[in-house]
Every structure is written in structure tokens, then in C-alpha cells.
Amino acid sequence: MEKRIGRNKSNIGVLGEDIALKWLISKGFSLVTQNFKTYHGEIDVIMQKDGETYFVEVKSINISRGTVGNIDPRDNFTHTKSEKMGKAIEYYLMKHPKIKSFKTILLCIYIDQVSKQAKVRYLENPILN
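These figures come from a predicted structure and were not determined experimentally. For every chain, the first residue of the written sequence is number 1, and numbering continues from 1 along that sequence. In view of the model being predicted, local features appear only for residues whose pLDDT reaches at least 70, and side-chain atom pairs are presented and counted only at 80 or more, with totals across whole chains, interfaces and linings using the full set of residues. To obtain the side-chain values, all non-hydrogen atoms of the structure were used and water was disregarded.

1. Thoughts on the pattern of salt bridges
Turning to step 1, where the next piece is worked out: What makes a salt bridge here is a side-chain nitrogen of Lys or Arg within 4 Å of a carboxyl oxygen of Asp or Glu, nothing more. Per the stated rule, a full pass over the model turns up four salt bridges.
Turning to step 2, where the next piece is worked out: For E57, the salt bridge is made with K59, and the minimal N-O distance between the two is 3.3 Å. For the pair E57 and K59, one class covers both residues: buried.
Turning to step 3, where the next piece is worked out: For E124, the salt bridge is made with K103, and the minimal N-O distance between the two is 3.6 Å. Here K103 lies in strand β4 (residues 102–112) and E124 lies in strand β5 (residues 117–124), a separation of 21 residues in the sequence.
Turning to step 4, where the next piece is worked out: Connected through shared salt-bridge partners, E57, K59 and K81 make up one network. In this scheme, a residue with accessible area under 20% of its type's maximum is buried, one over 50% is exposed, and one in between is partly exposed, where area comes from a 1.4 Å probe on protein chains only. A run of DSSP states H or I qualifies as a helix once it reaches four residues; a run of E qualifies as a strand once it reaches two. Both are numbered from the N-terminal end.

Below, the structure written as C-alpha cells:
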């Protein structure tokens, strides 16, 4: 997996997805696909574990900028984003009718680029509209 470290917002997102994927694999998940795009939205990562399918949304922030007290990655999982993810999941399930059950995960990644460390917060089944 390629590391794409930078200072702008989009690169923090890419780095966060890389960290999330490695973290999930270390917890026994296996990758199905990454960045599944539909007309309605995107699913960052689709994983499997113990026969269950997991749809994963990754939200990342750079805490080395001193924003950790004011901003939480969960704040970026808006109603609109939740709605789009729900529609993307519906489309994916329509294309893969053998999937009978699934779970959703919101992974919040707190990245400190100065110390080159990250913390992962795992939230299962965030509200999807």
C-alpha cells in the first residue's frame, strides 16, 4: 500500500484510509474493496470478517495542528454523508444479493504527523438514513 503523506486536507484523508485499512487487517478483517463509488455516494472500505460484511466510513483529522480539542472526526460524518453512504450500501447490496447481513463502521483517525503516530476510534453501526 502506498503512503501518501501531505499537509492538505485530502492527503490527511488518504493517509487516514491507509491507517484504517492496516488497522482493520490487524484486527482480522479482510479487504473486499476500497473506494466503492456509485452515483449516490462512496463507501471508503468494504471488509469481511467471520462471514459478515462491513461497510466502513473513515474520517481523519490532523491533531498536530492543535485542533483536537475543537474538532472531532465524527463531526464530519454529517446527515448528508450518512444518507449518501446508506444509498451506496443499498446499491452494493443490490449488486451482491448473496449478502444477507451487514454492519457499518465509522473509524475516526487522529493523526499526529509531527510524532508520526495515530489513534483509531472504532464506532460500530453509526446511524444511516
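2. So, the confidence of the model for the protein
Turning to step 1, where the next piece is worked out: Each residue gets a pLDDT score, which is the predictor's confidence in that residue and runs from 0 to 100. When pLDDT is averaged along the protein, the result is 83; 83% of the residues meet or exceed 70.
Turning to step 2, where the next piece is worked out: Between residues 1–9, whose pLDDT stays under 50, and residues either more than four places distant or in other chains, the model counts 18 contacts. Pairs of residues are marked as contacts when any of their non-hydrogen atoms sit within 4.5 Å.

3. Points about the nonpolar core
Turning to step 1, where the next piece is worked out: M47, V56, L107 and I109 are the most contacted members of the largest nonpolar core, which has 16 residues in total.
Turning to step 2, where the next piece is worked out: For this core, the secondary structure elements donating two or more residues are α1 (9–26), β2 (42–49), β3 (52–62) and β4.
Turning to step 3, where the next piece is worked out: No other element matches α1, which puts six residues into this core.
Turning to step 4, where the next piece is worked out: Apart from the residues within four sequence positions on either side, L107 is in contact with A20, W23, L24, V56, E57, V58, K59, V120, R121 and Y122. Joining through side-chain atoms within 4.5 Å is the link that ties buried Ala, Val, Leu, Ile, Met, Phe, Trp, Tyr and Cys residues into a set, and such a set is a nonpolar core.

4. A few points about unusual backbone geometry
Note on backbone geometry: most residues besides glycine have negative phi, and most peptide bonds are trans.
Turning to step 1, where the next piece is worked out: Even without a glycine there, the phi angle at D50 is positive, about 50 degrees.
Turning to step 2, where the next piece is worked out: Of the residues examined, D50 reaches a relative accessible area of 77% and is grouped as exposed.
Turning to step 3, where the next piece is worked out: Positive phi values are uncommon outside glycine, yet K116 reaches one of about 60 degrees.
Turning to step 4, where the next piece is worked out: By the element assignment, K116 lies in the loop between β4 and β5.

5. Details of helix α2 (residues 79–95)
Turning to step 1, where the next piece is worked out: Each helix should span, by expectation, one fewer than its residue count multiplied by 1.5 Å. Across its 17 residues, α2 extends 25 Å between first and last C-alpha, which sits within 8% of the 24 Å expected from 1.5 Å per residue.
Turning to step 2, where the next piece is worked out: For α2, the set of buried residues is K81, S82, M85, G86, A88, I89 and Y92. Viewed end-on, α2 has its buried residues packed into an arc of 165 degrees, placing them on one side of the element. Set apart from the buried face of α2 by more than 90 degrees, the exposed residues are E90 and M94. Taken from the helix axis, the directions to the C-beta atoms give the arc we talk about.

6. Considering the packing of aromatic side chains
Turning to step 1, where the next piece is worked out: What counts as a ring pair is set by centres within 6.5 Å for rings of Phe, Tyr and Trp (its six-membered ring), and what kind of pair is set by the plane angle: stacked under 30 degrees, edge-to-face over 60, tilted for all other angles. Applying the stated rule across the entire model yields six aromatic pairs.
Turning to step 2, where the next piece is worked out: Taking 5.4 Å as the distance between ring centres and 75 degrees as the angle between the ring planes, the aromatic pair formed by F55 and F102 counts as edge-to-face. Of this pair, F55 sits in strand β3 while F102 is found in strand β4, placing the two residues 47 residues apart along the sequence.
Turning to step 3, where the next piece is worked out: On the basis of relative accessibility, which here comes to 0%, the residue F55 falls in the buried class.
Turning to step 4, where the next piece is worked out: Site record: aromatic cluster; members linked through ring pairs are F36, F55, Y91, Y92 and F102.

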